[in-house]
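# Topology and contacts: notes
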Amino acid sequence: MKQDTHPDYHFIEVVLPNGSRFKTRSTYGKEGAVLQLDIDPSSHPAWTGGNQTLLDRAGRVSKFKDKFKGFGV
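Residues numbered from 1 in each chain as written. Predicted model: local features only at pLDDT ≥ 70, side-chain atom pairs only at ≥ 80, totals over all residues. Heavy atoms only, no water.

### Things to note about the overall build of the protein chain
When helices and strands are counted, the protein chain shows 2 helices and 3 strands. Reading the secondary structure of the protein chain in the N-to-C direction produces β-β-β-α-α. Across the 73 residues that make up the protein chain, the buried fraction comes to 12%. Nonlocal contacts in the protein chain, meaning residues at least 24 apart in sequence, comprise 3% of its contacts between residues at least 6 apart. (Helix = DSSP H or I, 4+ residues; strand = E, 2+ residues; numbered from the N terminus. Buried < 20%, exposed > 50% of the residue type's maximum accessible area, 1.4 Å probe, protein only. Contact = heavy atoms within 4.5 Å.)

### Some words on the environment of Gln36
Relative to the helices and strands, Gln36 resides in strand β3 (residues 34-36). A C-alpha to C-alpha distance of 8.6 Å links Gln36 and Glu13, two positions 23 residues apart in sequence. With residues up to four places along the chain from it excluded, the contact list for Gln36 reads Val15 and Leu16.

### Some points on the packing of aromatic side chains
Applying the stated criterion across every chain, the model contains 1 aromatic pair. Consider the rings of Phe68 and Phe71, whose centres lie 6.0 Å apart with planes at 45°: the pair is tilted. Overall, Phe71 belongs to the exposed group, its relative accessible area being 66%. Its guanidinium or amino end placed over the ring of Phe11, Arg25 lies 5.2 Å from that ring's centre, counting from NZ or CZ. (Phe/Tyr/Trp six-rings, centres within 6.5 Å; stacked < 30°, edge-to-face > 60°. Lys NZ or Arg CZ within 6 Å of the ring centre and 35° of its normal.)

### Observations regarding the pairing of strand β1 (residues 10-15)
Extensive coverage of β1 is indicated by the burial of 5 of its 6 residues. Once β1 ends, the chain turns through 5 residues before running back antiparallel as strand β2 (residues 21-26), passing Gly19 with a positive phi of about 95°. One ladder, built from 3 bridges, connects β1 with β3; its direction is parallel. Across the sheet, the residue bridging to Glu13 is Val34, located in β3. (Pairing = 2+ DSSP bridges.)

Geometric values such as these leave the question of function open.
Here it is in structure tokens:
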């Protein structure tokens, strides 16, 4: 196996916007580096799903069938 092909994997500290902190292992920075997050995963819509509503499958299938009902096989 080749030597020195993998990045250094070490402990860093992650700081969330609400001030909470935790330690994790990462290839980011050097040992003991601090990663300051701008987005909080506990409240951001990308992780929580936000206020979006999804159509159920039956609703989408019905819309498709209605739209293309004139094109019979």
